[in-house]
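Secondary and tertiary structure notes
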Amino acid sequence: DEPAETSFMRTAREHTRLGALDRPLALVGRYTDEDQLLERSLAHARATFGPEAAATAEVMEELADTYFEGKNFRRARELQQAALAIWVKLEGPGHAKAAHLRQQLGMTCHALGDHLAGELHMRQSLEIYGKIEERYRFEKEQEGKRRGELRKKKKLRRKGGRRAGDLSDRSAGGASQGSGSG
């Protein structure tokens, strides 16, 4: 009865949790259980959300990390490239997910001995992160300017209100003083 995404995410979290419990075995090279769980999660994500969905890309990233830790760098690279293609299509090449995956790909390419590709991915990742930081700073600066303008407007409104109030108080006071003395 619950939505498919909720069910899937719970299943994926459980697979990840089970994988995390298997980490001590993974450290001695036994990744097969975690690999199998995540491969099933990936098949489920593809069937439920489609091959180019964000949820599918997230499972690919998890599985790629597992393969990287297990030193299956070729499979890790395949999954990282596939996940990167999905994120670029969904969010654009300048998105933080693209930067993260390029960084991961850089490490994987270095592990495979492809240092030129690894350096290229790392540089692209740094460029994306740099642009994200520039956008963030620009947006904060603009937000500060907007807040400053709003403060000025409020201050002007308050001053304008006092002046109008001051004038009406004087005229009301003058009228009452005039009527009281006459």
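Now for a look at the structure at hand. (Residues numbered from 1 in each chain as written. Predicted model: local features only at pLDDT ≥ 70, side-chain atom pairs only at ≥ 80, totals over all residues. Heavy atoms only, no water.)

Where like charges cluster on the molecular surface, the positive patch consists of R151, K153, K154, K155, R157, R158 and K159. Looking at where K153 falls in the secondary structure, it is placed in helix α7 (residues 115-181). (Patch = residues over 30% accessible without salt bridge, like charges linked within 9 Å, V, L, I, M, F, W, Y side chains within 5 Å. Areas by Shrake-Rupley, 256 points an atom, 1.4 Å probe, with all protein chains shown as cover. Salt bridge = Lys/Arg side-chain N within 4 Å of Asp/Glu carboxyl O. Lys, Arg positive; Asp, Glu negative; His and termini not counted. Charge placed at Lys NZ, Arg CZ, Asp CG, Glu CD. Helix = DSSP H or I, 4+ residues; strand = E, 2+ residues; numbered from the N terminus.)

In this section: helix α5 (residues 73-91). Here α5 contains 19 residues, and its C-alpha end-to-end distance of 26 Å stays within 8% of the 27 Å for a straight helix at 1.5 Å per residue. Within α5, the full set of buried residues consists of F73, A76, L79, Q80, A83, L84, I86 and W87. Looking straight down α5, one finds its buried side chains confined to an arc of 165°; they lie on one side. More than 90 degrees from the buried face of α5, the exposed residues found are R74 and K89. Just beyond α5, the residue with positive phi is G92, at close to 100°. (Expected span 1.5 Å × (residues − 1). Buried < 20%, exposed > 50% of the residue type's maximum accessible area, 1.4 Å probe, protein only. Arc of directions from axis to C-beta.)

Structural measurements only, silent on function.
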